[in-house]
Amino acid sequence: MKKWFIADTHFSHTNIIRYASRPYTNVEEMDKSLIDNWNENVGQGDQVFFLGDFGLGDVDHLHSICSQLNGQKICIRGNHDRNASWMTRVGFNVVLESAFLKIGRHLVELIHIPSEQAPAHFQLHGHVHDKRPRKIISNQLNLCVEVWDYKPVSEKAILSLLDKASKNVSNSNILQD
């Protein structure tokens, strides 16, 4: 079982195309691309940590999208997601506000909105879209789809970035691509 991470798909959200300068002409094209990209990477038995803002629409519409996505899906609720009960009905196996997870030797926080001040630990987040285009700044890793070519990110790729960042701890303003 592999672990994957992704944030801010905003399925069926027309305005996100303009707001985040997404390369799609309409939501149908965007939704199809996001679903295809997800399933090209994530296997049925894999685990996906979704870091918030799944999509717009009623529960049946969002469930129809979620049911097309491979993997066991764990939701860290975003500011555009409804309550835990709603997100479970959409199709998430587990719904949380935040969580801590061990990735390699690193204890990381999974959260939707990054802290204003970077915490002492690593933080994986969404919310900022392409407004923070660097993948990692200090110890905060942006997992918004815009920064990762609209695809889920593997645990292996995240571990590599965290290992590189932790080697440069003395520099409080690490910028890496």
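See the structure printed just above.
Residues numbered from 1 in each chain as written. Predicted model: local features only at pLDDT ≥ 70, side-chain atom pairs only at ≥ 80, totals over all residues. Heavy atoms only, no water.

Draft legend 1. Fine view of the pattern of salt bridges. In the structure shown here, the tally under the stated rule is four salt bridges. We note a salt bridge from E146 to R22, for which the minimum N-O separation is 2.8 Å. Taken together, the residues E146 in the loop between β9 (140-142) and β10 (153-154) and R22 in the loop between α1 (14-19) and α2 (27-41) connect sequence positions 124 residues apart. Each of the two residues, E146 as well as R22, counts as buried. With a shortest N-O distance of 2.8 Å, E97 and R77 are connected by a salt bridge. With E97 in the loop between β4 (94-96) and β5 (99-103) and R77 in the loop between β3 (72-76) and α4 (84-90), this pair connects stretches of sequence that are 20 residues apart. (Salt bridge = Lys/Arg side-chain N within 4 Å of Asp/Glu carboxyl O. Helix = DSSP H or I, 4+ residues; strand = E, 2+ residues; numbered from the N terminus. Buried < 20%, exposed > 50% of the residue type's maximum accessible area, 1.4 Å probe, protein only.)

Draft legend 2. Focus on the packing of aromatic side chains. Evaluation of the coordinates by the stated rule reveals six aromatic pairs. Seen in terms of ring centroids, F5 and F49 are 5.2 Å apart; in terms of plane orientation they differ by 15°. Their pairing is stacked. Separated by 44 residues along the polypeptide, F5 in strand β1 (residues 3-6) and F49 in strand β2 (residues 47-50) bring together distant segments of the chain. Under the relative-accessibility criterion, F5 is labelled buried at 0%. Between F50 and F92 the ring centres are 5.7 Å apart and the planes differ by 45°, which places this aromatic pair in the tilted class. With F50 in strand β2 and F92 in the loop between α4 and β4, the pair connects residues that are 42 residues apart, well separated along the chain. (Phe/Tyr/Trp six-rings, centres within 6.5 Å; stacked < 30°, edge-to-face > 60°.)

Draft legend 3. Inspection of the pairing of β3 at higher detail. For β3, the tally of buried residues reaches four of five residues, placing the bulk of the element in the interior. Here four bridges tie β2 to β3, and the two strands are oriented parallel to one another. By the bridge assignment for β3, F50 is matched with C75. Following the chain from β2 across helix α3 (residues 59-66) to the adjacent parallel β3, one finds a crossover that is right-handed. Taken together, the three bridges between β3 and β4 define a ladder with parallel strand orientation. Bridged to I76 within β4 is L96. Once the chain exits β3 it traverses α4 before rejoining the sheet at β4, and the crossover so formed is right-handed. (Pairing = 2+ DSSP bridges. Right-handed = clockwise from strand over helix to strand, strands pointing away.)

Draft legend 4. Broad picture of the pairing of β1. With four bridges connecting them, β1 and β2 associate as parallel partners. Bridge pairing links F5 to F49 in β2. When β1 meets β10, the two strands line up antiparallel, connected through two bridges. By the bridge assignment, F5 is partnered in β10 with V153.

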